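Take a look at the letters that make up each chain.
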Amino acid sequence: MYELKTKETDDSVIEFIERVENLKKREDAYRLFDIFTETTGHEAKMWGPSIIGFGSYHYVYKTGHEGEAPLVGFSPRKAKISLYFATGDPEREQLLESFGKHTSGKACVYINKVLDIDVEVLKDLIRQSVTFLQELYPKEQR
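This write-up is about the structure you can find in this document. Computed from a predicted model, the values in this text were never measured in an experiment. (Residues numbered from 1 in each chain as written. Predicted model: local features only at pLDDT ≥ 70, side-chain atom pairs only at ≥ 80, totals over all residues. Heavy atoms only, no water.)

### Structural notes on the packing of aromatic side chains
This model, assessed by the stated rule, comprises 5 aromatic pairs. Their ring planes at 40° and their centres at 5.4 Å tell us that phenylalanine 36 and phenylalanine 74 sit as a pair that is tilted. In this pair, phenylalanine 36 is assigned in helix 2 (residues 23-40) and phenylalanine 74 in strand 5 (residues 72-76), connecting sequence segments 38 residues apart. Through a chain of ring-to-ring contacts, the aromatic side chains of Phe36, Phe54 and Phe74 assemble into a single cluster. (Phe/Tyr/Trp six-rings, centres within 6.5 Å; stacked < 30°, edge-to-face > 60°. Helix = DSSP H or I, 4+ residues; strand = E, 2+ residues; numbered from the N terminus.)

Dropping the structure here:
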């Protein structure tokens, strides 16, 4: 059976942020920590060794694969900061148009620094992602 690599852990989020070598990236990580915490109302948790996640949901795919994942999150990686939002949300692309300097993949949005983006749009992306996932995977499904 497939074993999920990215699971919620008891590791300290603050200790993880303190280990971010680049001072500017560490400062951005604390800024994002505050924004995500305030916007979601969820406590930050480590997911795997490097993702800071907020809230969680239980997903079940048509293939039968299922698991737990954070509603939203971020990771201050060496090259760029990865922001994790819901995939498949049709409103995400529209919000990203006014987000600021970024690149995006299927599941992640990548930024160099918080100063490159519109923080209000970030908050909208966070709220939209949480709402989208909670509607797609309601708790009663568990």
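### Examining the nonpolar core
Counting 38 residues, the largest nonpolar core has Phe36, Ile52, Phe74, Leu83, Phe85, Phe99 and Leu122 as its most contacted members. Top element by residues in this core is helix 4 (residues 119-136). It accounts for 8 residues. Apart from residues lying up to four places away in sequence, leucine 83 is in contact with Leu32, Phe36, Gly73, Phe74, Phe99, Ala107, Cys108, Val109, Ile111 and Leu122. (Core = buried A, V, L, I, M, F, W, Y, C linked by side-chain atoms within 4.5 Å. Buried < 20%, exposed > 50% of the residue type's maximum accessible area, 1.4 Å probe, protein only. Contact = heavy atoms within 4.5 Å.)

### As for the pattern of salt bridges
Once the charged atoms of two side chains with opposite charge are near each other, the side chains can pair. Overall, the coordinates contain 6 salt bridges when judged by the stated rule. For glutamate 21, the salt bridge is made with lysine 78, and the minimal N-O distance between the two is 3.9 Å. Of the two residues, glutamate 21 is situated in the loop between helix 1 (13-18) and helix 2 and lysine 78 in the loop between strand 5 and strand 6 (81-84); the sequence distance between them amounts to 57 residues. There is no split in this pair, since glutamate 21 and lysine 78 are both exposed. Beyond isolated ion pairs, a larger network of salt bridges with shared partners links Glu38, Glu120 and Lys123. (Salt bridge = Lys/Arg side-chain N within 4 Å of Asp/Glu carboxyl O.)

### Considerations on the pairing of strand 8 (residues 108-111)
Across 4 bridges, strand 6 lies against strand 8 in antiparallel orientation. Looking across to strand 8, one finds that serine 82 is bridged to tyrosine 110. Connecting the antiparallel pair strand 7 (residues 103-104) and strand 8 is a turn made up of 3 residues. (Pairing = 2+ DSSP bridges.)

### Details of helix 2
Counted at 1.5 Å a residue, the expected span for helix 2 with its 18 residues is 26 Å, and the 26 Å between its end C-alpha atoms agrees. Residues of helix 2 that are buried sit in contact with helix 1, strand 1 (44-47), strand 2 (51-54), strand 5, strand 6 and helix 4. Of the residues that open helix 2, the one with a side-chain oxygen 2.9 Å from the backbone nitrogen of lysine 24 is asparagine 22. Following helix 2 by one or two positions, glycine 41 adopts a phi angle in the positive range, close to 75°. (Expected span 1.5 Å × (residues − 1). Polar contact = N/O pair within 3.5 Å; in protein donor to acceptor, adjacent residues only side chain to side chain.)

### Here we look at the side chain of aspartate 28
Relative to the assigned elements, aspartate 28 resides in helix 2. An unpaired buried charge is present at aspartate 28: no salt bridge exists, and arginine 31, the closest side chain of opposite charge, is 6.6 Å distant. Leaving out residues up to four positions away in the same chain, aspartate 28 has contacts with Ile81, Asn112, Lys113 and Val114. (Lys, Arg positive; Asp, Glu negative; His and termini not counted.)

### Let's talk about a negative patch on the surface
On the surface, a cluster of negative charge is contributed by Glu8, Asp10, Asp11, Glu15 and Glu43. With relative accessibility at 57%, the residue glutamate 43 sits in the exposed group. (Patch = residues over 30% accessible without salt bridge, like charges linked within 9 Å, V, L, I, M, F, W, Y side chains within 5 Å. Areas by Shrake-Rupley, 256 points an atom, 1.4 Å probe, with all protein chains shown as cover. Charge placed at Lys NZ, Arg CZ, Asp CG, Glu CD.)

### With respect to helix 4
Each turn of an α-helix holds 3.6 residues, which means side chains three or four residues apart point in the same direction. In this model helix 4 runs 26 Å from its N-terminal to its C-terminal C-alpha over 18 residues, within 8% of the 26 Å that 1.5 Å per residue would give. By the burial criterion, the buried members of helix 4 are Val119, Val121, Leu122, Lys123, Leu125, Ile126, Gln128, Ser129, Val130, Phe132 and Leu133. Those residues of helix 4 that are buried lie in contact with helix 2, strand 3 (57-60), strand 5, strand 6 and helix 3 (90-96). Where helix 4 begins, one side-chain oxygen reaches toward the backbone nitrogen of glutamate 120, 2.9 Å away; that side chain belongs to aspartate 118.

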